[in-house]
Amino acid sequence: MISKKAKYALKALKVLAEQFGKGPVLISYIAEKERIPKKFLEAILLDLRNNGVLQSQKGKGGGYLLRIPPSEVSFSKVLRIIDGPIAPALCVSMFFYGRCEDCKDEETCSLRTVLEKWRDANLAVLDQTTLNDLLQQGTGEHLLAVES
């Protein structure tokens, strides 16, 4: 399950994708449109800016805008920035690898094989889904559903 922070990030990015090429968007506009607490949104947008997805402009007419086209912003990229590893365990993570403390031998671990399949199945969707897909899905809410 993705975090509320990741869900908000994707919703905010959808708004910025809708405005791509039209100039900066105010945080207050995004917060109101998507019903995201403004202080929380500020932290999310800062993370995305610091990781090269967004750029910001200060002053009159300032705000945030996508640094790269919506078609190049994959869900996997956003989720890694906001939530960290996508893999169900660090031992199968592509970017955040870590050895499991309780594992005697990764090579013979039968659980690791299943976890790799799980990771690959998720990545098959998340790597291929971009902000453009949100724009083509109308509101995109069904893609962002998170169970409580």
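Residues numbered from 1 in each chain as written. Predicted model: local features only at pLDDT ≥ 70, side-chain atom pairs only at ≥ 80, totals over all residues. Heavy atoms only, no water.

## Some details on the environment of A6
Phase 1: Structurally, A6 is set in helix α1 (residues 4-18).
Phase 2: Under the relative-accessibility criterion, A6 is labelled buried at 0%.
Phase 3: Sequence separation between A6 and I30 is 24 residues; the distance between their C-alpha atoms is 15 Å.
Phase 4: In this structure, A6 is in contact with L79, I82 and D83, ignoring residues within four places of it in sequence. (Helix = DSSP H or I, 4+ residues; strand = E, 2+ residues; numbered from the N terminus. Buried < 20%, exposed > 50% of the residue type's maximum accessible area, 1.4 Å probe, protein only. Contact = heavy atoms within 4.5 Å.)

## Quick look at the nonpolar core
Phase 1: Counting residues in hydrophobic clusters, the biggest one holds 34 residues, and the most contacted among them are L13, L16, L45, L48, L54 and L66.
Phase 2: Taken together, the elements giving at least two residues each to this core come down to α1, α2 (27-34), α3 (38-50), β2 (63-66), α4 (75-83), α5 (110-126) and α6 (131-136).
Phase 3: Three or more residues apiece are contributed to this core by two domains, here domain 1 (4-66) and domain 2 (73-135).
Phase 4: Dropping the residues within four chain positions of it, L13 is found in contact with L48, V53, L54, L66, V78 and L131. (Core = buried A, V, L, I, M, F, W, Y, C linked by side-chain atoms within 4.5 Å. Domains from an automatic or database assignment.)

## Details of the domain arrangement of the protein chain
Phase 1: Domain annotation of the protein chain identifies domain 1 (4-66) and domain 2 (73-135).
Phase 2: One C-alpha centre belongs to domain 1, the other to domain 2; they are set 26 Å apart.
Phase 3: Counting residues at the interface gives 14 residues for domain 1, matched by 11 residues for domain 2.
Phase 4: The three residues of domain 1 that bury the most area against domain 2 are A6, L10 and V53, which together make up 40% of that side's buried surface.
Phase 5: Where domain 1 meets domain 2, there are 0 salt bridges.
Phase 6: Where domain 1 packs against domain 2, one counts 0 residue pairs in polar contact (both at pLDDT 80 or more).
Phase 7: Mapped onto the side of domain 1 that touches domain 2, the elements with two or more residues apiece are α1 and α3.
Phase 8: With 8 residues, α1 is the single largest residue contributor to the side of domain 1 that touches domain 2. (Buried area = accessible area lost by both parts, 1.4 Å probe. Salt bridge = Lys/Arg side-chain N within 4 Å of Asp/Glu carboxyl O. Polar contact = N/O pair within 3.5 Å; in protein donor to acceptor, adjacent residues only side chain to side chain.)

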